[in-house]
Amino acid sequence: AASRLEVADTVHAVVGLNAIKLEREGSSIYGAVSTSTHYPDLEEVSPYAGLTWDVTEDVVTYVSYSDIFQNQDEGDFNGDYLDPMKGVNYEAGLKAELLDDRLLATFAVFKAIQEGVATYGGINDNGQSYYVPTDVNSVGYEAEIGGEVTDNSNLVVGFVRLKVTAADGNNA
């Protein structure tokens, strides 16, 4: 659910909620061995909000916030599923339409703080890979430019710089 609100002629707000309900059941088959798999049922509501400013008819700036909630299919040392990854994401950016709207240029900076991201932990006593929850911080920026090259073709070029660190500040 989302609402778009007009704060002023050139300023708009977006607020909303993402509702997630996950129910799964099934079996895992590895080679000739089949095991019953238990997936925990999950329900979560995650809010998000954003603000845009129409600088000109062709240029828009924005800021946004969102909660992050992502189910994980990786298992821990004992084979139990890890809890969902949770966190927050912040973003600010600029979008510009150029050359009679045939070219779109974007630039954004972002930061995400994530708790419990599944990270490879090794091999357990049963010879199965296992994962451990790790808290990570991500910061970066992205730039993209794309548009109409001919009437029948478009071209998009982009660049992303991303730095991911563990909660202790070391590379993740």
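As a convention, each chain's residues are numbered from 1 in the sequence order in which they are written. Per-residue local features of the predicted model are confined to residues with pLDDT of at least 70, and side-chain atom pairs are confined, for both listing and counting, to 80 or more; whole-chain, interface and lining totals are unaffected and use all residues. To get the side-chain values, all heavy atoms of the structure are used, and hydrogens and water are removed first.

Pairing geometry for strand 5 (residues 42-54) and strand 6 (residues 59-70), over seven bridges, is antiparallel. When the sheet's bridge partners are listed, Asp-54 is paired in strand 6 with Val-60. At least two bridges found by DSSP between two strands is the condition for calling them paired. Strands are runs of DSSP state E lasting at least two residues, helices are runs of H or I lasting at least four, and both sets are numbered from the N terminus onward. Where strand 5 folds back on strand 6, the antiparallel hairpin that results is connected by four residues. Bridge analysis of strand 6 against strand 7 (residues 85-98) gives 12 bridges, and the strand direction is antiparallel. From the neighbouring strand, Thr-61 faces strand 7, where its bridge partner is Leu-94.

To continue, consider unusual backbone geometry. The phi dihedral of Asp-100 falls on the positive side, at around 55°, and the residue is not glycine. Along the chain, Asp-100 turns up in the loop between strand 7 and strand 8 (103-123). In this model, Asp-101 sits at a positive phi of 65°, which is unusual for a non-glycine residue. With respect to the element layout, Asp-101 can be found in the loop between strand 7 and strand 8.

This next bit is on the confidence of the model for the chain. Confidence along the chain averages 88 in pLDDT terms, with 90% of residues attaining 70 or more. Across the chain, each position has a pLDDT score giving the predictor's confidence in that residue, from 0 to 100. Per-residue pLDDT, averaged within each element of the chain, yields its smallest value for strand 4 (residues 33-37) (56) and its largest for strand 7 (96).

Moving on, we get to the packing of aromatic side chains. For Phe, Tyr and Trp, where Trp contributes only its six-membered ring, two rings pair if their centres lie within 6.5 Å, and the inter-plane angle classes them as stacked under 30 degrees, edge-to-face over 60, or tilted in between. Scanning the model with the defined rule gives five aromatic pairs in all. With a centroid separation of 6.0 Å and an interplanar angle of 35°, the aromatic rings of Phe-107 and Tyr-141 are classed as tilted. You can see Phe-107 sitting in strand 8 and its partner Tyr-141 sitting in strand 9 (residues 129-150), a full 34 residues away along the chain. Given the relative accessible area of 39%, Phe-107 is considered partly exposed. To sort residues, take the accessible area from a 1.4 Å probe on protein chains only and compare it with the maximum for the residue type: under 20% means buried, over 50% means exposed, and anything in between is partly exposed. A relative accessible area of 35% places Tyr-141 in the partly exposed class. Ring geometry for Tyr-141 and Phe-159: centres 6.2 Å apart, planes at 40°, overall tilted. In this pair, Tyr-141 sits in strand 9 while Phe-159 sits in strand 10 (residues 153-166), placing the two residues 18 residues apart along the sequence.

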